[in-house]
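Summary of structural features
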Amino acid sequence: MNTNQVKKVVIAGGGTAGWIAAAAIAKTIGKNLEITLVESDEIGTVGVGEATIPTLQYFHQLLKINEAEFLKATHGTFKLGINFESWRNKNEDYLHAFGTTGNDCWAAGFQHFWLKGKQKGLASDFGDYCLEQVAAVKEKFAQLPNNGLNYAYHMDATRYGQFLRKIAESCGVNRVEGKISDVNLNSETGFIESLSLTNGTEVQGDLFLDCTGQRALLIEGALHTGFEDWSHWLLNNSAVAVQTESVETPKPYTRSIAHDFGWQWRIPLQHRVGNGIVYCSQYVSDEEAKQTLLNNIDGKPITEPFVIKYRTGMRRKHWHKNCIAVGLSSGFLEPLESTSIHLIQQSVVRLLRMFPQQGISEDDVEEFNQQTRFDWETTRDFIILHYKVHNRDDTPFWRHCQNIDIPEGLAHRIKLFKNTGRVFRKNNELFDDSWMQVMIGQGLIPESYHPIVDNMSDDELKRFLDHIKSNITNTVNALPAHKQFVDKYCLIK
Ligand code: FAD
């Protein structure tokens, strides 16, 4: 136990990670702390990261953020899921929506009822039994009471940083502009004592958050914490991003379009669209990827396309000594399921829960690292699933993905689902219904269903399935169009 009380918190980096951490710490436990954030205007931020998942709503509730104000400030729209295009087979789609599909009975999940229904010709597509999926396809949206639509947001990443900065500064966070040149360690403990900036300023602290993005100046540059490389499971290592003018009303979902060597995202905001392509440099050059992206956008580009290189994996320890890595400094998982901002939030909330005001204890550090590892590994496996299970054997890239040896836990989940239709959520992990939606969406149809379904006659099963579907259809038909809702609720001036 390091008995030094934590009074001074230094956040190195002012991207989405830095400002999320600053706003959350300042707003919740900041009264007795001195919080400084150092960022370099010259270096800037990564400039992407615009699609989110529903947990952002709960994080905003913690910060007492007004949703309409947030959406106006970030030019945001609502997101009900991700449409995966050409992933299972070329020119076939499915939507991974944020809601749950159908109704469960205690013994068996809805998929078992659907499976028998499908075999008997009584059921339609799996997604037709999910409220969010049907609303997304029909481009409808409203905030419904009583666990209505589960939703997330699309937002402008730069504006989001500015929005959080205002909150953080209003709660007393001190922003220092400058470039960090040195990270100074205590020669006995190896703890970080201060950051030196190129302008001669020195920023001292008790606890340091490394939010310096892929540079990882503190956790790796100074503390040499080590990196666990996962690129043998997830081949992609590059992205090109470009923003375009909007030429259609914004859809309430992200698009993920598979190409021969990777995939492309489209994130519709109120005023523009965020686009990018994620790829593996072993199978395509940066120039060819850029051309593919530019050939597959709708509006006029409003930014220059820029290439981002990355390495998939994570730090061996997210918390080491008196430094916690948050955001891209802690590792990288491709944005296929928009999980990166969620992982930032998780780390920040975990830190709030374990805040070491009385000094840093090794037990806290160990617990923090174990929990964070679990989050990262389950998210990683969920992403690998998309690359492993599909029928795309038409290009070397997709064949390579299909033939990769996957982590044991994921192999077990896939086998269990294939043989029995069973899928279980483990230790409160992030993804629940999503496992099933993606496995079925990617073309994995279980070979058997739970015997409890046979207690229903075919007529009863048909009534059960039709009832769920018609309830969803009626609810969705009564909703306003997504665009109409946005215009009324949070349209930018
Ligand atoms: P950065 O934005 O890189 O910020 C780093 C900060 O550190 C900057 O302020 C910089 O100035 C500062 N800094 C660095 N070095 C120094 C120095 N020497 N001195 C002073 N300051 C310094 N996430 C999602 O949730 N959804 C998505 O849709 C999504 N899409 C993505 C697409 C791509 C192609 C990529 C690469 C990432 C995507 N992400 C997405 C991830 C998301 O962008 C990041 O998690 C998020 O932006 C946080 O980044 P960051 O703050 O860690 O790093």
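Residues numbered from 1 in each chain as written. Predicted model: local features only at pLDDT ≥ 70, side-chain atom pairs only at ≥ 80, totals over all residues. Heavy atoms only, no water.

We now examine the overall build of the protein. Secondary structure assignment for the protein yields 15 helices and 21 strands. Taken over the C-alpha trace, the protein has a radius of gyration of 23 Å; the compact-globule value for 493 residues is 23 Å, and the two agree within 12%. Counting only C-alpha atoms, the protein reaches 75 × 50 × 45 Å along its principal axes. Residues counted as buried form 58% of the 493 residues belonging to the protein. (Helix = DSSP H or I, 4+ residues; strand = E, 2+ residues; numbered from the N terminus. Rg over C-alpha atoms; globule rule 2.2 N^0.38 Å. Buried < 20%, exposed > 50% of the residue type's maximum accessible area, 1.4 Å probe, protein only.)

Turning to the side chain of His390, a few remarks are in order. Along the chain, His390 turns up in the loop between helix H10 (362-388) and helix H11 (396-402). Within the local environment of His390, its side chain forms a polar contact with the backbone oxygen of Tyr387, the two atoms lying 2.7 Å apart. In this structure the side chain of His390 is engaged in a polar contact, spanning 3.0 Å, whose partner is the backbone nitrogen of Arg392. What His390 contacts, discounting residues up to four positions off in sequence, is Trp87, Arg88, Trp398, Cys401, Gln402 and Gln442. (Polar contact = N/O pair within 3.5 Å; in protein donor to acceptor, adjacent residues only side chain to side chain. Contact = heavy atoms within 4.5 Å.)

So, on to the pairing of strand E1 (residues 8-12). With 4 of 5 residues buried, E1 is to be regarded as a mostly interior element. Across 5 bridges, E1 lies against strand E2 (residues 34-39) in parallel orientation. From the neighbouring strand, Val10 faces E2, where its bridge partner is Thr36. After leaving E1, the chain enters helix H1 (residues 16-29) and then returns to the sheet as E2, a path that is right-handed. In terms of strand pairing, E1 meets strand E11 (residues 207-210) through 4 bridges, oriented parallel. Among the inter-strand pairings, Val9 is bridged to a residue of E11, identified as Leu207. (Pairing = 2+ DSSP bridges. Right-handed = clockwise from strand over helix to strand, strands pointing away.)

Contacts to the ligand come from 34 residues, most closely from Ala51, Ile180, Leu328, Ser340 and Ile341. At 3.1 Å, a backbone N or O of Ser40 approaches an oxygen atom of the ligand. Between an oxygen atom of the ligand and a main-chain N or O atom of Val48, the distance comes to 3.0 Å. Every element with two or more residues in the shell around the ligand is listed here: H1 and helix H9 (340-353). At 3 residues, the largest contribution of residues to the shell around the ligand is made by H9. Mapping the shell around the ligand onto the domain boundaries places at least three of its residues in each of domain 1 (8-50 + 156-227 + 312-360) and domain 2 (238-309). (Near = heavy atom within 4 Å. Domains from an automatic or database assignment.)

All right, on to the domain arrangement of the protein then. Considered domain by domain, the protein is made up of domain 1 (8-50 + 156-227 + 312-360) and domain 2 (238-309). Taking the mean C-alpha position of each, domain 1 and domain 2 sit 28 Å from one another. Taken together, the contact between domain 1 and domain 2 spans 8 residues of the former and 13 residues of the latter. Here domain 1 and domain 2 share an interface that buries about 870 Å² over both sides, 58% of which is from carbon and sulfur atoms. When residues of domain 1 are sorted by the area they lose upon contact with domain 2, Val48, Glu50 and Asp156 head the list and together hold 46% of the total. (Buried area = accessible area lost by both parts, 1.4 Å probe.)

It is worth spelling out helix H6 (residues 157-170) at this point. Note on helix geometry: an α-helix contains 3.6 residues per turn, so any two residues three or four positions apart are oriented the same way. Helix length check: H6 (14 residues) gives 20 Å between terminal C-alpha atoms against 20 Å at 1.5 Å per residue, within 8%. When we look at burial in H6, the residues that qualify are Ala157, Tyr160, Gly161, Phe163, Leu164, Ile167 and Ala168. Taken down its axis, H6 places every buried residue within 165° of arc, on the same side. Opposite the buried face of H6, by more than 90 degrees, sit the exposed residues Lys166 and Ser170. In this structure, the buried side of H6 is in contact with H1, helix H2 (55-62) and helix H3 (67-74). Among the residues of H6, the N-terminal cap falls to Asp156, whose side-chain oxygen and the backbone nitrogen of Thr158 are separated by 3.0 Å. Count one or two residues on from H6 and you reach Gly172, which has phi positive near 100°. (Expected span 1.5 Å × (residues − 1). Arc of directions from axis to C-beta.)

This paragraph deals with unusual backbone geometry. Not every positive phi belongs to a glycine, and Asn91 is a case in point at roughly 65°. Looking at the element boundaries, Asn91 is found in the loop between strand E4 (81-85) and strand E5 (93-97). On the basis of relative accessible area, Asn91 is assigned to the exposed category, the value being 70%. Phi is positive for His224, which is not a glycine, with a value near 45°. What makes His224 exposed here is its relative accessible area of 59%.

Moving on, we get to the sheet that holds strand E7 (residues 174-177). Pairing between the strands of a sheet is mediated by backbone hydrogen bonds and can be parallel or antiparallel. Read across the open sheet, the 6 strands follow the order E7-E2-E1-E11-E20-E19; overall the sheet is mixed. Lying at the two open borders of the sheet, with one neighbouring strand each, are E7 and strand E19 (319-320). Pairing analysis gives 2 bridges linking E19 to strand E20 (residues 323-325), with the strands arranged antiparallel. Bridging from a neighbouring strand, Trp319 pairs with Ile324 of E20.

To continue, consider the packing of aromatic side chains. Any aromatic ring pair is given by two values, namely how distant the centres are and how the planes are angled relative to each other. Across all of its chains, the model carries 30 aromatic pairs by this definition. For the pair Tyr283 and Phe397, a centre-to-centre distance of 5.8 Å together with 75° between the ring planes defines the contact as edge-to-face. Within this pair, whereas Tyr283 is found in the loop between strand E16 (272-279) and helix H8 (286-295), its partner Phe397 is found in helix H11, the two being separated by 114 residues in sequence. Relative accessible area serves as the criterion here: at 1%, Phe397 is assigned to the buried category. Taking 5.3 Å as the distance between ring centres and 85° as the angle between the ring planes, the aromatic pair formed by Trp319 and Phe368 counts as edge-to-face. With Trp319 in strand E19 and Phe368 in helix H10, the pair connects residues that are 49 residues apart, well separated along the chain. For Trp319, a relative accessible area of 0% puts it in the buried group. A residue is classified by how much of its surface remains accessible, and Phe368, at 0% relative accessible area, is buried. Pairwise contacts between aromatic rings join Phe70, Phe78, Phe141, Tyr151, Tyr153, Tyr160, Phe163, Phe485 and Tyr489 into one cluster. (Phe/Tyr/Trp six-rings, centres within 6.5 Å; stacked < 30°, edge-to-face > 60°.)

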